[in-house]
Amino acid sequence: MNLRYTFDDMKKVDRSQLGEMVPLELFRTIRLIGLNQGLPLGGKGTTLTIGRKIGESLPVTSVEELIMLFEDLKIGLPRIVHSDEHKINIAVEDCFCKGLPTLAEEKMICDLEGAILEGALTKILGRKISVKEIKCNATGHEHCEYEVKLSS
Ligand SMILES: [Zn+2]
């Protein structure tokens, strides 16, 4: 018997009536009302810790696999829109936030997804990187976008 759950365990679903899917509004509720609005300081540090841990646990060994898994998990449809030796820009279409109203504060809200990318890309690339959210549907942009800074 294992001491901890792995990502592989998460796929083991045996529900006879409700199946393997939960609605997007539940995911949003956990993300935005639970984490973002429920924790002090918008859950900033906690969300980063959670996201990195999730990213590290994903069974991916290349950027292509990571992009496919993001799509399989319906987190969004990522695509690389810029790439050079210093940075990679990843746009995400159909992000979980698509359709939400813009709040008075005009906050970008996809910090968890960026932290997941950070955790996964750190593992894949084997170097220190940092991910910053630079665009979000929720602040009126055409898609969500992350800037991945590659340190030398
Ligand atoms: Zn977003």
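The structure presented is a predicted model; accordingly, all values stated were derived computationally and were not measured. (Residues numbered from 1 in each chain as written. Predicted model: local features only at pLDDT ≥ 70, side-chain atom pairs only at ≥ 80, totals over all residues.)

Caption draft 1: Looking closely at the overall build of the protein. When you go through the protein residue by residue, the secondary structure sums to five helices and four strands. Overall, the protein shows an N-to-C arrangement of helices and strands of α-α-α-α-β-β-α-β-β. In terms of C-alpha radius of gyration, the protein reaches 16 Å, essentially the compact-globule figure of 15 Å for 152 residues. Burial analysis of the protein (152 residues in total) assigns 28% to the buried set. Residue pairs in contact within the protein that sit at least 24 positions apart in sequence constitute 56% of those at least 6 positions apart. (Helix = DSSP H or I, 4+ residues; strand = E, 2+ residues; numbered from the N terminus. Rg over C-alpha atoms; globule rule 2.2 N^0.38 Å. Buried ≥ 20, exposed ≤ 12 C-beta atoms within 10 Å, placed from the backbone. Contact = placed C-beta atoms within 7 Å.)

Caption draft 2: Spotlight on the UniProt feature "domain: 4-vinyl reductase 4VR" (unreviewed entry) in the protein. Here the UniProt feature "domain: 4-vinyl reductase 4VR" (unreviewed entry) sits at residues 87–150. Measuring from the first to the last C-alpha atom of residues 87–150 gives 5 Å, for a span that is 23% helix and 33% strand. (UniProt positions renumbered as here; feature names shortened; annotations may be inferred.)

Caption draft 3: Spatial organisation of the sheet that holds strand β3 (residues 129–135). One open sheet accounts for four strands, arranged β1-β2-β4-β3; its pairing is antiparallel. Pairing within the sheet leaves two strands with one partner each, and these edge strands are β1 (77–83) and β3. If you compare each strand with its neighbour and ignore which way they point, the axes differ by 25 degrees on average. Alignment of β3 against strand β4 (residues 144–150), held across six bridges, turns out to be antiparallel. Its bridge partner lying in β4, Ile129 is registered against Leu150. Lying on the sheet, helix α5 (residues 111–125) is in contact with β2 (87–93), β3 and β4; it crosses β3 at an angle near 150 degrees. (Pairing = 2+ DSSP bridges. Axes fitted to C-alpha atoms, helices over the stretch in contact; angles between N-to-C directions.)

Caption draft 4: Region of the structure containing the environment of Phe27. Secondary-structure assignment places Phe27 in helix α2 (residues 24–38). Using a count of 13 C-beta atoms within 10 Å as the deciding quantity, one classes Phe27 as partly exposed. Setting aside residues up to four positions removed in sequence, Phe27 forms contacts with Val22 and Phe96.

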